[in-house]
Amino acid sequence: MAAAQTVLRGWDRRMNKESRSAALVALMTQPILFARTNGDPEPAPIDSLRAAITTLKTHFGRLDPTWGEVNRIRRGPVDLAIDGAADTYRSVWGVPQKDGAMTADGGDTLIMFVTWDRDGVLRSDSIHQFGSATQDAASPHYADQTPLFAAMKTRPVLFTQAQLKGQIREDYRPGQRGRPGAGRD
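Not measured: the values here are computed from a predicted model.

Caption draft 1: Structural context of the pairing of strand β3 (residues 92-96). Pairing of β3 with strand β4 (residues 102-107) involves five bridges; the strand directions are antiparallel. Residue valine 92 lies in a different strand from β4, and its bridge partner there is glycine 107. Between β3 and β4, which pair antiparallel one after the other, the connecting turn spans five residues, and glycine 100 there sits at a positive phi close to 90°.

Caption draft 2: Summary view of the sheet that holds strand β5 (residues 111-116). Strand order in the open sheet made by the three strands is β5-β6-β7, with antiparallel pairing throughout. Pairing within the sheet leaves two strands with one partner each, and these edge strands are β5 and β7 (155-156).

Caption draft 3: Representation of helix α3 (residues 45-60). End to end, α3 covers 22 Å across 16 residues, agreeing with the expected 22 Å (1.5 Å per residue, within 8%). Every buried residue belonging to α3 is among Ser48, Leu49, Ala52, Ile53, Leu56 and Phe60, and all of these are buried. Looking down the long axis of α3, one finds its buried residues gathered within 140° of arc, a one-sided arrangement. Looking at the buried residues of α3, the elements they touch are α1 (2-9), α2 (22-38) and α4 (67-70).

Caption draft 4: Spotlight on the side chain of serine 19. Among the secondary structure elements, serine 19 is positioned in the loop between α1 and α2. Of the polar contacts made by the side chain of serine 19, one reaches the backbone nitrogen of serine 21; its length is 3.2 Å. In terms of polar contacts, serine 19 uses its side chain to reach the backbone amide nitrogen of alanine 22, at 3.0 Å. In this structure serine 19 touches Trp11, Arg14, Pro65, Thr66 and Trp67, once residues within four positions along its chain are discounted.

Caption draft 5: Here's a closer look at the sheet that holds β3. If you trace the four strands from one edge of the open sheet to the other, you get β2-β1-β4-β3, paired in mixed fashion. Both outer strands of the open sheet, β2 (78-81) and β3, are each paired with one neighbouring strand and no more. Between one strand axis and the next, the sheet turns through 45° on average, direction left out of account.

Caption draft 6: Region of interest: the pattern of salt bridges. Applying the stated criterion across every chain, the model contains nine salt bridges. Of the charged contacts, one joins aspartate 64 and arginine 62 as a salt bridge, the two residues approaching to 2.6 Å between their closest N and O atoms. A salt bridge links glutamate 170 to arginine 177, with the shortest nitrogen-to-oxygen separation between them at 2.8 Å. Residue classification places glutamate 170 among the partly exposed residues on the basis of a relative accessible area of 41%.

Caption draft 7: Molecular detail of α2. For α2, which comprises 17 residues, the first-to-last C-alpha distance of 23 Å matches the rise-based estimate of 24 Å (1.5 Å per residue) to within 8%. Along α2, the largest kink reaches about 30° and is centred on threonine 29; proline proline 31 follows within four residues of it. Restricting attention to buried positions, one finds in α2 the residues Ala22, Ala23, Leu24, Val25, Ala26, Leu27, Met28, Gln30, Ile32 and Ala35. Close packing links the buried residues of α2 with α1, α3, α4 and β4. Remark: glycine 39 follows α2 within two positions and exhibits a positive phi of approximately 75°.

Caption draft 8: View of the packing of aromatic side chains. This model, assessed by the stated rule, comprises one aromatic pair. Judged by centre distance (5.1 Å) and plane angle (25°), the rings of phenylalanine 34 and tryptophan 93 are stacked. Taken together, the residues span a long stretch of sequence, with phenylalanine 34 in helix α2 and tryptophan 93 in strand β3 at a distance of 59 residues. A relative accessible area of 25% means that tryptophan 93 is categorised as partly exposed. Over the ring of phenylalanine 130 we find arginine 75; its NZ or CZ atom is 3.8 Å from the centre of that ring. Sitting over the ring of phenylalanine 149, arginine 90 keeps its end group 4.1 Å from the ring centre.

The rules behind the values
Residues numbered from 1 in each chain as written. Predicted model: local features only at pLDDT ≥ 70, side-chain atom pairs only at ≥ 80, totals over all residues. Heavy atoms only, no water. Pairing = 2+ DSSP bridges. Helix = DSSP H or I, 4+ residues; strand = E, 2+ residues; numbered from the N terminus. Expected span 1.5 Å × (residues − 1). Buried < 20%, exposed > 50% of the residue type's maximum accessible area, 1.4 Å probe, protein only. Arc of directions from axis to C-beta. Contact = heavy atoms within 4.5 Å. Polar contact = N/O pair within 3.5 Å; in protein donor to acceptor, adjacent residues only side chain to side chain. Axes fitted to C-alpha atoms, helices over the stretch in contact; angles between N-to-C directions. Salt bridge = Lys/Arg side-chain N within 4 Å of Asp/Glu carboxyl O. Bend = angle between axes of the 7 residues up to and from the residue. Phe/Tyr/Trp six-rings, centres within 6.5 Å; stacked < 30°, edge-to-face > 60°. Lys NZ or Arg CZ within 6 Å of the ring centre and 35° of its normal.

Encoded structure:
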């Protein structure tokens, strides 16, 4: 308990993947937060702390693994460290896994920045935690945005024919994929 208190006192109030205190903080507080959110009875903080200690010692061999070792975004073959936690600015709701990690299951999803310059020219950058094919594991877009999301980067949104030129692999109308003449004029 004394070692856990030292780790908790060292927390800088951030959930960065490099943090050596965030894992203990998150694993201790999230069961309480989830219980409150779901209207369930809250575990006693000391019990939640003991469970967090057990998880970290069992799976990571220490009380202070980096948060990125514990907090993961996993999608198909992609398995990356990620910043954030439940109910924080970078909201990432993790599901406990058998290996002791928390795998992102909710929270931040589509993030988009949109600007217009003085001439009214539109620019937009966005990111999605997975990609545009969220349900099709065979698609190359199933996890193609996940590395950018984990790195907290965005990609440009293309609007015009000129911007799209050279980027289009397939052109079809929704519901008519694979039909002759399904492309746009």
